[in-house]
There are 2 protein chains.
Amino acid sequence: MFPDPALTALRALLGDRLTTSPAVLDQHAASETHVTARSPDAVAFPETTAEVAALMRICASHGLPVIGWGAGTSLEGHALAVRGGVTVDFTRMDRLIEVRAEDMIARVQPGITREALNADLRATGLMFPVDPGANATIGGMAATRASGTTAVRYGTMRDAVLGLEVVLADGRVIRTGTAAPKSSAGYDLTALFVGSEGTLGLITELTLRLHGQPEAISAAVCAFPGMAEAVDCVIATIQSGIPMARIEFLDDASVRACNAHAGMALPEVPHLLVEFHGSPAGVAEQAARFGELAEAFGSRGFQWADRTEDRTRLWKMRHNAYPAIVASRPGATAVVTDVCVPISRLAEAVAETQADIAASGIPGPILGHVGDGNFHAILLVRRDDPDELATAKALAGRMAERALRFGGTITGEHGIGIGKKGHMAAEHGDAWAVMGAIKAALDPAGLMNPGKLVEDQ
Amino acid sequence: MFPDPALTALRALLGDRLTTSPAVLDQHAASETHVTARSPDAVAFPETTAEVAALMRICASHGLPVIGWGAGTSLEGHALAVRGGVTVDFTRMDRLIEVRAEDMIARVQPGITREALNADLRATGLMFPVDPGANATIGGMAATRASGTTAVRYGTMRDAVLGLEVVLADGRVIRTGTAAPKSSAGYDLTALFVGSEGTLGLITELTLRLHGQPEAISAAVCAFPGMAEAVDCVIATIQSGIPMARIEFLDDASVRACNAHAGMALPEVPHLLVEFHGSPAGVAEQAARFGELAEAFGSRGFQWADRTEDRTRLWKMRHNAYPAIVASRPGATAVVTDVCVPISRLAEAVAETQADIAASGIPGPILGHVGDGNFHAILLVRRDDPDELATAKALAGRMAERALRFGGTITGEHGIGIGKKGHMAAEHGDAWAVMGAIKAALDPAGLMNPGKLVEDQ
Ligand SMILES: Cc1cc2nc3c(=O)[nH]c(=O)nc-3n(C[C@H](O)[C@H](O)[C@H](O)COP(=O)(O)OP(=O)(O)OC[C@H]3O[C@@H](n4cnc5c(N)ncnc54)[C@H](O)[C@@H]3O)c2cc1C
Ligand SMILES: Cc1cc2nc3c(=O)[nH]c(=O)nc-3n(C[C@H](O)[C@H](O)[C@H](O)COP(=O)(O)OP(=O)(O)OC[C@H]3O[C@@H](n4cnc5c(N)ncnc54)[C@H](O)[C@@H]3O)c2cc1C
């Protein structure tokens with residue numbers, strides 16, 4: 001399987017930063033989800049782009065798969081070594097290389113986590129807003145085109161990445177993008193690599209757009225009589241041009257789980273969690289206008305969180321919704337779904353999904369980044385119960401089909417990995433083959449994260 | 001050159017919407033600039049996607065080049081039929097197909113112009129903000145990844161296009177993107193086709209993001225003692241988080257030309273033209289904060305244009321800056337340049353460019369979308385004077401090199417076409433070959449707008 005000369009060459013390159021220790025291999029065969037796979041043959045911990053390029057050349061010459069690894073928090077088995085090979089763990093390439101405050105950009109290595117980056121940025125008055133909840137790496141987030149709670153205002157990784165350094169399948173190192181805010185100089189390779197899940201190359205550096213830390217922040221939780229009212233309120237808010245920084249939906253089951261887990265006492269009805277960023281006057285105006293709209297849609301129990309510690313508590317609760325929900329069914333494991341629809345169809349899509357879940361007999365609280373039309377059902381299945389797992393997978397499949405029926409996408413932010421490949425043809429038709437053609441052009445031997453995203457070659 | 005069976009097949013498909021009349025061929029051999037080329041062998045005026053696909057299959061089977069044509073306003077010879085073939089003029093595919101107000105999106109055919117689109121949208125309360133000045137088509141703007149005065153707030157065509165329908169080189173029709181606001185479902189083909197200048201496929205439909213027409217608008221012109229002060233004011237404005245909708249720079253020579261052409265009487269010093277969009281209170285706050293900053297940077301002669309007619313006059317002057325500048329040197333024709341740098345280097349880049357132009361002896365007023373670090377020198381050369389043309393081309397070349405030296409790009413918004421191909425290797429290195437590999441994968445016979453953007457095959 002793993003040819004000796006390759007091992008020798010990799011060891012010569014990396015010393016003990018190339019490991020085949022079973023514990024480390026196992027760690028890199030694990031995933032946050034039910035998706036499982038064999039372990040890689042080796043795990044590498046490079047420290048420089050040159051090492052990644054040299055590793056890539058060695059693996060290419062031996063026909064060995066190469067799989068990028070950030071924090072391993074992706075949810076569709078993205079980073080699993082389904083055909084063995086070398087997993088490249090970017091933990092040791094985790095530096096903030098440079099902040100250019102005047103240009104509001106930063107250059108980072110891929111292994112830096114978003115929390116570490118924002119901690120490093122704190123004193124600069126700048127921030128990196130993309131927030132998937134999990135403390136993922138910036139490289140992994142770029143590779144999955146991640147987003148999260150703040151995308152409604154600041155966009156996704158598609159918008160946040162200005163340029164990349166990428167090691168290609170043949171070991172060449174390229175740079176995409178520049179430090180200028182925009183460019184029309186040829187194909188948008190940055191956008192092509194963002195979201196490519198390590199199947200076209202390994203990202204070894206990123207140039208990121210930063211944003212000013214808001215002068216003023218105001219946040220609130222707001223209860224609604226029903227899901228439809230909450231969603232209609234979101235639509236009205238967007239249409240009235242109020243620039244929300246966050247607008248999150250929790251259904252009653254999610255609220256119940258959060259209450260139990262975080263010691264909150266919110267009424268167990270659908271909620272919106274909102275946040276506004278701007279000047280003190282701007283934020284006050286936005287909050288007031290949102291308050292009026294929410295009232296018009298029947299909201300009650302509006303609670304403002306203007307002090308930093310209240311806001312921290314609020315978003316901690318939101319970020320811990322996933323473990324809270326998982327904990328709400330003892331002994332359960334989660335099948336996390338992720339669809340995104342045009343916002344005009346969101347209420348329908350959520351309602352149909354809720355009904356489908358209710359009929360299935362397994363619990364599935366729903367929450368989402370509703371400002372983007374993006375929601376998740378966390379399907380809770382008993383560990384090692386194949387029937388429940390099958391039920392959950394069928395539910396997830398119907399969610400994907402439903403999203404397409406409503407003009408949406410099978411994944412708003414989690415990506416394809418292994419788990420969603422079965423729906424790619426339905427979403428893309430012949431365009432999926434175009435993706436395959438691009439993959440074949442850039443990685444003819446099929447060594448970059450094989451088995452993911454494109455049709456098997 | 002043009003095989004009879006192809007002509008017969010195309011005529012059978014399109015009737016007299018396939019023309020070889022010399023007047024129409026000549027019209028499609030003309031360009032806004034000094035770049036010239038032979039004319040196409042025929043010009044087609046399709047009315048449906050199916051016709052475009054059938055045309056493409058006929059041309060593919062006869063090895064005939066196919067070149068998209070929107071409004072022909074591109075500035076690097078993009079739409080010229082350098083190897084003959086069939087120019088596909090999208091004039092008859094100019095419909096606004098659908099507006100979905102709740103989702104703030106529109107579906108359009110590629111031949112609709114941005115002015116026609118906004119006229120059609122007026123009653124909906126929505127607008128399409130990308131504004132290149134010229135009344136270009138949306139298809140052409142997508143193909144060049146255009147932007148313009150409003151990119152600083154609303155982004156470029158990269159941000160404005162949510163999805164595409166594309167006819168590929170083999171006649172297959174694909175759809176990219178969905179109507180959902182975001183997606184992580186595989187490679188970002190939308191972004192790949194946006195900016196591909198018709199070299200990968202013909203765009204036959206676009207799904208666009210719209211924005212609400214601002215409740216309140218405030219605009220102003222503001223004189224500065226020097227270019228550096230104006231640019232420093234822009235940087236400070238961006239850093240303070242004031243959400244400008246437009247912030248345009250005109251140097252003294254540009255102001256002089258506009259004064260003469262538009263009957264204005266602005267002081268002949270560098271100016272910023274700014275606009276703010278938002279709620280009445282928000283706009284007032286933004287304008288006040290900008291006013292304070294501008295004063296701190298030595299501004300004088302602040303003139304607010306709060307009435308619609310004053311604003312229209314202001315932006316008409318800006319949009320007519322190009323003909324105004326061309327008219328400022330009788331008998332001259334323009335070499336329009338377009339570079340974009342990190343904003344921290346903008347003052348230096350403009351200063352070096354001004355000095356270079358001054359030393360060259362030809363006039364070259366400078367203006368730009370400075371909020372993006374993007375500026376143009378309009379180099380005015382005597383018609384049919386090869387020496388001046390050579391001088392201008394050398395100046396343009398040095399501008400591109402300078403932009404790269406400052407970490408920027410050889411084109412902020414105009415694109416590559418023929419005119420900028422010579423600088424692609426310098427900007428992209430091996431990444432240019434990656435573009436070539438993608439081109440070869442999607443258009444192996446090299447029939448889609450040959451001779452543009454990628455290295456000659
Ligand atoms: C509780 C929880 C909540 C979540 N919430 C969200 C959410 O709100 N929004 C959201 O978008 N996601 C969410 N996720 C999913 C996950 O956090 C994202 O997919 C994240 O982007 C993965 O980053 P990572 O660093 O963990 O990458 P990994 O899981 O390590 O890898 C992800 C993919 O990227 C590739 N990769 C990693 N690094 C590189 C590199 N340097 N070069 C090339 N390819 C590379 C891998 O091969 C793999 O294909 C959540 C996950 C959890 C567990
Ligand atoms: C006075 C003036 C000012 C300008 N200011 C700006 C500015 O501020 N910002 C800016 O970005 N640009 C500016 N431009 C340049 C120009 O307006 C843009 O490049 C515009 O995007 C071109 O659109 P078009 O419809 O004229 O396309 P064309 O010139 O007809 O074509 C441009 C390219 O797109 C391709 N194409 C056209 N339609 C399709 C289609 N349906 N499918 C596939 N390919 C297609 C063509 O083959 C060609 O490669 C300016 C031009 C002028 C003359």
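Residues numbered from 1 in each chain as written. Chains lettered and ligands numbered in written order. Predicted model: local features only at pLDDT ≥ 70, side-chain atom pairs only at ≥ 80, totals over all residues. Heavy atoms only, no water.

Points about the overall build of chain A
Part 1 of the argument: Scanning chain A for helices and strands turns up 17 helices and 19 strands.
Part 2 of the argument: Its C-alpha atoms give chain A a radius of gyration of 22 Å, within 12% of the compact-globule value 23 Å for 457 residues.
Part 3 of the argument: Across its three principal directions, the C-alpha atoms of chain A cover 70 × 55 × 40 Å.
Part 4 of the argument: For chain A, the residues scored as buried account for 61% of the 457 residues in total.
Part 5 of the argument: Contacts in chain A between residues far apart in sequence, at least 24 positions, make up 72% of those at least 6 positions apart.
Part 6 of the argument: For chain A, the centre of its 39 positive side-chain charges and the centre of its 52 negative side-chain charges are spaced 2 Å apart. (Helix = DSSP H or I, 4+ residues; strand = E, 2+ residues; numbered from the N terminus. Rg over C-alpha atoms; globule rule 2.2 N^0.38 Å. Buried < 20%, exposed > 50% of the residue type's maximum accessible area, 1.4 Å probe, protein only. Contact = heavy atoms within 4.5 Å. Lys, Arg positive; Asp, Glu negative; His and termini not counted. Charge placed at Lys NZ, Arg CZ, Asp CG, Glu CD.)

Things to note about the pairing of strand 8 (residues 161–168) of chain A
All names here are of chain A.
Part 1 of the argument: Of all eight residues making up strand 8, eight are buried, and the element is well covered by its neighbours.
Part 2 of the argument: Relative to strand 10 (residues 201–209), strand 8 runs antiparallel, the two being bridged by seven bridges. Within the sheet, the bridge partner assigned to Val-161 lies in strand 10 and is Leu-208.
Part 3 of the argument: Direction of pairing for strand 8 relative to strand 9 (residues 173–176): antiparallel, over a ladder of four bridges. (Pairing = 2+ DSSP bridges.)

Looking at the interface of chain A and chain B
Part 1 of the argument: Taken together, the contacts link 78 residues of chain A with 78 residues of chain B.
Part 2 of the argument: Taking both partners together, chain A and chain B bury about 6000 Å²; carbon and sulfur atoms supply 56% of that area.
Part 3 of the argument: When the area that chain A buries against chain B is broken down by residue, the three leading residues are Arg158(A), Lys182(A) and Tyr187(A), summing to 16%.
Part 4 of the argument: Run the count over chain A and chain B and you get eight salt bridges.
Part 5 of the argument: Note that Lys182(B) is salt-bridged to Glu413(A), the shortest N-O span being 3.2 Å.
Part 6 of the argument: The interface formed by chain A and chain B contains 41 residue pairs in polar contact (both at pLDDT 80 or more).
Part 7 of the argument: Ranked by the residues each element gives to the side of chain A that touches chain B, the list is headed by helix 17 (residues 430–442) of chain A, at ten residues.
Part 8 of the argument: In the side of chain A that touches chain B, the residues fall into 34 nonpolar, 25 polar and 19 charged. (Buried area = accessible area lost by both parts, 1.4 Å probe. Salt bridge = Lys/Arg side-chain N within 4 Å of Asp/Glu carboxyl O. Polar contact = N/O pair within 3.5 Å; in protein donor to acceptor, adjacent residues only side chain to side chain. Nonpolar A, V, L, I, M, F, W, Y, C, P; charged D, E, K, R; others polar.)

Section: the packing of helix 9 (residues 227–239) of chain A against helix 11 (residues 280–296) of chain A
Residues and elements named next belong to chain A.
Part 1 of the argument: Where helix 9 contacts helix 11, the axes come no closer than 9 Å and their chain directions differ by 145 degrees. Here helix 9 and helix 11 pass one another in a crossing that is right-handed. Contacts from Cys-233, Ala-236 and Thr-237 in helix 9 reach Phe-290, Leu-293 and Ala-294 in helix 11.
Part 2 of the argument: Counted by class, the contact of helix 9 with helix 11 contains five nonpolar, one polar and no charged residues. (Axes fitted to C-alpha atoms, helices over the stretch in contact; angles between N-to-C directions. Left-handed = near helix turned anticlockwise from the far one by under 90°.)

As for the nonpolar core
Part 1 of the argument: Phe128(A), Ile138(A), Met157(A), Phe128(B), Ile138(B) and Met157(B) are the most contacted members of the largest nonpolar core, which has 88 residues in total.
Part 2 of the argument: Excluding its chain neighbours within four sequence positions, the residues that come into contact with Phe128(B) are Leu117(B), Asn118(B), Leu121(B), Ile138(B), Met141(B), Met157(B), Ala160(B), Leu208(B), Arg209(B) and Leu210(B).
Part 3 of the argument: Listed in part, the 44 residues of the second largest apolar core include Cys222(A), Val283(A), Ala294(A) and Val350(A). (Core = buried A, V, L, I, M, F, W, Y, C linked by side-chain atoms within 4.5 Å.)

Description of the site of ligand 2
Residues and elements named next belong to chain B.
Part 1 of the argument: Looking at ligand 2, there are 35 residues lining it, with Gly-68, Gly-70, Ser-74, Pro-132 and Thr-137 nearest.
Part 2 of the argument: Contact between ligand 2 and Ala-71: an oxygen atom at 2.9 Å from a main-chain N or O atom of the residue.
Part 3 of the argument: Here ligand 2, which alone exposes 980 Å², has 95% of that area covered by the protein.
Part 4 of the argument: Only strand 3 (66–69), helix 5 (138–144) and strand 10 (201–209) provide two or more residues apiece to the shell around ligand 2. (Near = heavy atom within 4 Å. Areas by Shrake-Rupley, 256 points an atom, 1.4 Å probe, with all protein chains shown as cover.)

Some thoughts on the site of ligand 1
Residue and element names in this part refer to chain A.
Part 1 of the argument: Ligand 1 sits among 35 residues. The nearest are Gly-68, Gly-70, Ser-74, Pro-132 and Thr-137.
Part 2 of the argument: Note that an oxygen atom of ligand 1 is positioned 3.5 Å from one of the backbone N or O atoms of Gly-140.
Part 3 of the argument: Calculation on ligand 1 without its partners gives an accessible area of 980 Å², and the protein chains cover 95% of this total.
Part 4 of the argument: Secondary structure elements with two or more residues in the shell around ligand 1: strand 3 (66–69), helix 5 (138–144) and strand 10.
Part 5 of the argument: At five residues, the largest contribution of residues to the shell around ligand 1 is made by helix 5.
Part 6 of the argument: Of the residues that constitute the shell around ligand 1, the class distribution is 15 nonpolar, 17 polar and three charged.

A short note on the relation of the copies chain A and chain B
Part 1 of the argument: Placing chain A over chain B gives an RMSD of 0.0 Å and needs a rotation angle of 180 degrees, together with 0.0 Å of translation along the axis. As the rotation angle and translation indicate, the two copies are arranged about a two-fold axis.
Part 2 of the argument: The overlap is high: 100% of the interface residues of chain A also sit at the interface in chain B, so the same surface is used on both sides. (Least-squares fit on C-alpha atoms with pLDDT ≥ 70 in both.)

Describing empty space enclosed by the protein
All names here are of chain B.
Part 1 of the argument: Evaluation of the coordinates by the stated rule reveals four cavities of 30 Å³ or more.
Part 2 of the argument: Considered as a void within the structure, the largest cavity measures approximately 60 Å³ in volume.
Part 3 of the argument: What lines the largest cavity is a set of 13 residues, and nearest its centre among them are Lys-439, Pro-450, Gly-451, Val-454 and Gln-457.
Part 4 of the argument: Each residue belonging to the lining of the largest cavity can be placed in one class, and the counts come to three nonpolar, five polar and five charged. (1 Å grid on protein atoms, 1.4 Å probe; cavity = no way out; pocket = protein on both sides within 12 Å on 5 of 7 lines; lining within 4 Å. Points joined across faces, edges and corners; volume = space filled by probe spheres on them.)

Here we look at the state of the cysteines
Chemically, a disulfide is nothing more than a covalent bond linking the sulfur atoms of two cysteines.
All names here are of chain A.
Part 1 of the argument: Counted according to the given criterion, the structure contains zero disulfides over all chains.
Part 2 of the argument: In this structure Cys-222 is a free cysteine whose sulfur lies 6.4 Å from that of Cys-233, the closest cysteine sulfur available.
Part 3 of the argument: Taking the relative accessible area as the measure of exposure, Cys-222 reaches 0% and is therefore buried.
Part 4 of the argument: Cys-340 carries a free sulfur, and the closest cysteine sulfur to it, the one in Cys-233, is 19 Å from it. (Disulfide = S-S within 2.5 Å.)

Observations concerning the domain arrangement of chain A
Residue and element names in this part refer to chain A.
Part 1 of the argument: In terms of domains, chain A is made up of domain 1 (4–89), domain 2 (96–212), domain 3 (216–323) and domain 4 (330–422).
Part 2 of the argument: The distance between the C-alpha centroids of domain 2 and domain 4 comes to 28 Å.
Part 3 of the argument: Where domain 2 abuts domain 4, roughly 560 Å² becomes buried across the two surfaces, and 41% of that area is made up of carbon and sulfur atoms.
Part 4 of the argument: In this assembly, domain 2 and domain 4 are joined by zero salt bridges.
Part 5 of the argument: At the boundary of domain 2 with domain 4, the tally comes to four residue pairs in polar contact (both at pLDDT 80 or more).
Part 6 of the argument: Residue composition of the side of domain 2 that touches domain 4, grouped by class: three nonpolar, four polar and two charged. (Domains from an automatic or database assignment.)

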